[in-house]
Amino acid sequence: NLPGGSRAVARWSAVFIPTLISAVGDQDEVWGRLESETTLCATMQDTWDAVYGDIPHTVTTDGPVMALATQRLSEWRNGVGTTAISVLTHFMSMQDDIETDDDRKDFAKNLHLKLGFLYGTITEDGKYKQPFQSELLVQVLVQHRCATLGAID
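Calculation notes
Chains are numbered independently. Their residues run from 1 in the order of the written sequence. In keeping with the model being predicted, local features are shown solely for residues with a pLDDT of at least 70 and side-chain atom pairs are shown and tallied solely at 80 or more, while totals for entire chains, interfaces and linings include all residues. To get the side-chain values, take all heavy atoms of the structure and skip hydrogens and water. Note on geometry: axes are C-alpha line fits, over the in-contact stretch for helices, and angles between N-to-C directions span 0 to 180 degrees. Each helix is a run of DSSP H or I of at least 4 residues and each strand a run of E of at least 2, with the numbering of both proceeding from the N terminus. Just so you know how the angles are binned, under 35 degrees is roughly parallel, over 145 roughly antiparallel, 65 to 115 roughly perpendicular, and the rest oblique. The contact criterion used throughout is that any non-hydrogen atoms of two residues lie within 4.5 Å. Residues are grouped as follows: Ala, Val, Leu, Ile, Met, Phe, Trp, Tyr, Cys and Pro are nonpolar; Asp, Glu, Lys and Arg are charged; all remaining types, including Gly, are polar. Three labels apply to residues, based on accessible area from a 1.4 Å probe with only protein chains included: buried if under 20% of the type maximum, exposed if over 50%, partly exposed otherwise in between. Multiplying 1.5 Å by the residue count of a helix minus one yields the expected span of that helix. Two axes define the bend at a residue: one fitted to the seven residues ending there, one fitted to the seven starting there, and the bend is the angle between them.

Before going further, it helps to spend a moment on the packing of helix H1 (residues 6-25) against helix H5 (residues 135-148). In helix packing, the relevant descriptors are the interaxial angle and the interaxial distance, both defined with respect to the helix axes. Running from N to C, H1 and H5 cross one another at 135°; their axes reach a closest spacing of 7 Å. Considered as vectors, H1 and H5 are oriented oblique to each other. Together, Pro 18, Ile 21 and Ser 22 of H1 and His 144, Ala 147 and Thr 148 of H5 make up the contact between the two elements. The class makeup of the residues in the contact of H1 with H5 is three nonpolar, three polar and no charged.

The structure is reproduced here in structure tokens:
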């Protein structure tokens, strides 16, 4: 049960959650625990105040806003991770010269070398072209963008 009842529910998924995901996504660490529950609570409070200026509420670490929002953050992280794994699996399956686990291991190491996975093209002579246009990266960023549609600054 959100504070503010139906007035809060109407903005929860459409504005609050995308704005919170955007705020958390801008932090240095998004996969593990944030710096502290206090930091997460402060981020949620800032987001609450921005989205629900007309519904006063103090976000607490053991309150309903924290409980519901952390679940949605977990779902967002899961979505990004699942998308990344799916995209990489598909990408690897499209490579004609990869047949064994050792081939996959070597290919992955080479993608990691010089952050090659970020580039749309790596030429035969080893030049990296089209930075940040790799299908591996673009599809994951699209998933994140969809999760943040509706966010406010």
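Let's pick the thread back up.
Examined against the element boundaries, Thr 19 turns out to sit in helix H1. On the basis of relative accessibility, which here comes to 7%, the residue Thr 19 falls in the buried class.

Counted at 1.5 Å a residue, the expected span for H1 with its 20 residues is 28 Å, and the 27 Å between its end C-alpha atoms agrees. When the local axis directions of H1 are compared, the greatest deviation, roughly 70°, occurs at Trp 12. For H1, the complete set of buried residues consists of Ala 8, Trp 12, Phe 16, Ile 17, Pro 18, Thr 19, Leu 20, Ile 21 and Val 24. For H1, the secondary structure elements touched by its buried residues are helix H2 (37-51), helix H3 (64-93) and H5.

Everything listed is a geometric property; what it means functionally is a separate question.
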